[in-house]
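Analysis of the macromolecular model
What follows is each chain in one-letter form.
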Amino acid sequence: MSLATGTVAERVATLRERVDEVTVASGREPGSVAILAVTKTQPRDAVLAALDAGVRDVGESYVQEARRKYDHLPPCTTHFVGHVQTNKAKAIAGLFDVVQSVDRLEAGLALAKAARDAGRRLRVLVQVNVSPTERFGAAPADAPGLAARLRDEGLAVDGVMAIGPLHGDVDAAFAAARDAFERVGGTTLSLGMSGDWERAVRHGSTMVRLGTAIFGPRPVRERSLA
Ligand SMILES: *Cc1c(COP(=O)(O)O)cnc(C)c1O
């Protein structure tokens, strides 16, 4: 599948407008909700097209894919949004500016060590589980304690990430994510994907993670491996 730059640019422009509309309707400043372009399964050209269209944050779930695609990108912030396997911590800490998916102490300790060894300060979010259909994520009640431990290890914990449920009570799930964010602290509540971002913005999301809304359907079925 190939995508014309114009297509991605148009979608990004439309989404930027719509996100701002919902942000303003929720009583916040336009521009205060960032769009993270999730580029998994998309070619490097698609990443470049999104950046060219004004996106400043890009994200991947798979280390292997990012290695090829995220090499020497124009100025942007790169986010890891996949499951953190401890044996990949070094690669993740070397490739990404922000790790959104720290869901347990073991993963955080491995990332903290890798960041220390590399002499860099790594920004992370605590991933909380607010959905019966999600495998990963810390229990919301455990998030503040985990965040405190991660900060002790030198990680810059900047908020919370959550994946909404496919079915069921999305509002309750998003409210739980926001509550965890308020207790963890930081500036980023990463909440909302292509199918549920509007509701996430109404619940206080500061960053929506959009894949298919920007790039169209993904060519292959997702795996759950990092
Ligand atoms: C794939 C993915 C997204 C984007 O999903 P879309 O439904 O295509 O917008 C967002 N967040 C995470 C963690 C993902 O793995």
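In what follows, the accompanying structure is described. (Residues numbered from 1 in each chain as written. Predicted model: local features only at pLDDT ≥ 70, side-chain atom pairs only at ≥ 80, totals over all residues. Heavy atoms only, no water.)

With that settled, consider the nonpolar core. The biggest cluster of nonpolar side chains holds 62 residues, and the ones touching the most others in it are Val99, Val128 and Ile214. With 7 residues, helix α7 (residues 170–184) is the largest single contributor of residues to this core. Discounting residues that sit within four places of it in the chain, Val128 has contacts with Gly137, Ala138, Pro140, Ala143, Val160, Met161, Ala162, Ala177 and Ala180. (Core = buried A, V, L, I, M, F, W, Y, C linked by side-chain atoms within 4.5 Å. Buried < 20%, exposed > 50% of the residue type's maximum accessible area, 1.4 Å probe, protein only. Helix = DSSP H or I, 4+ residues; strand = E, 2+ residues; numbered from the N terminus. Contact = heavy atoms within 4.5 Å.)

This part covers the pairing of strand β1 (residues 34–38). When you tally the buried positions in β1, you get 4 out of 5 residues, the bulk of the element. The parallel pair β1 and strand β2 (residues 57–60) is bridged by helix α2 (residues 44–52), and the resulting crossover is right-handed. (Right-handed = clockwise from strand over helix to strand, strands pointing away.)

Turning our eyes to something else, we now look at the packing of aromatic side chains. Each aromatic ring pair is described using two quantities: the centre-to-centre distance and the angle formed by the ring planes. Evaluated as defined, the whole model comprises 2 aromatic pairs. Put simply, the rings of Tyr70, Phe80 and Phe96 pair up and form one aromatic cluster. (Phe/Tyr/Trp six-rings, centres within 6.5 Å; stacked < 30°, edge-to-face > 60°.)

A word on the site of the ligand. Around the ligand sit Val38, Lys40, Ser61, Val81, Ile163, Met193, Ser194, Arg209, Leu210, Gly211, Thr212 and Arg218, and that is every residue in its neighbourhood. Between an oxygen atom of the ligand and a side-chain N or O atom of Ser194, the distance comes to 2.5 Å. Backbone polar atom of Thr212 to an oxygen atom of the ligand: 2.8 Å apart, as the coordinates give it. Calculation on the ligand without its partners gives an accessible area of 390 Å², and the protein chains cover 90% of this total. In terms of residue class, the shell around the ligand is built from 5 nonpolar, 4 polar and 3 charged. (Near = heavy atom within 4 Å. Polar contact = N/O pair within 3.5 Å; in protein donor to acceptor, adjacent residues only side chain to side chain. Areas by Shrake-Rupley, 256 points an atom, 1.4 Å probe, with all protein chains shown as cover. Nonpolar A, V, L, I, M, F, W, Y, C, P; charged D, E, K, R; others polar.)

Of all the 6 residues making up strand β5 (residues 123–128), 5 are buried; the element is thus mostly covered by neighbouring parts of the structure. In terms of strand pairing, strand β4 (residues 98–102) meets β5 through 3 bridges, oriented parallel. If you follow Val102 over to β5, its bridge partner there is Val126. Once the chain exits β4 it traverses helix α5 (residues 105–118) before rejoining the sheet at β5, and the crossover so formed is right-handed. (Pairing = 2+ DSSP bridges.)

The next thing to look at is the packing of α5 against helix α6 (residues 143–152). Running from amino to carboxyl end, α5 crosses α6 at an angle of 20°, the nearest separation of the two axes being 10 Å. What the angle tells us is that α5 and α6 run roughly parallel. Note on packing geometry: the crossing formed by α5 with α6 is right-handed. Here α5 contributes Leu105, Gly108 and Leu109 to the contact with α6, which in turn contributes Leu146, Arg149 and Leu150. The residue inventory of the contact of α5 with α6, partitioned by class, reads 4 nonpolar, 1 polar and 1 charged. (Axes fitted to C-alpha atoms, helices over the stretch in contact; angles between N-to-C directions. Parallel < 35°, antiparallel > 145°, perpendicular 65-115°, else oblique. Left-handed = near helix turned anticlockwise from the far one by under 90°.)

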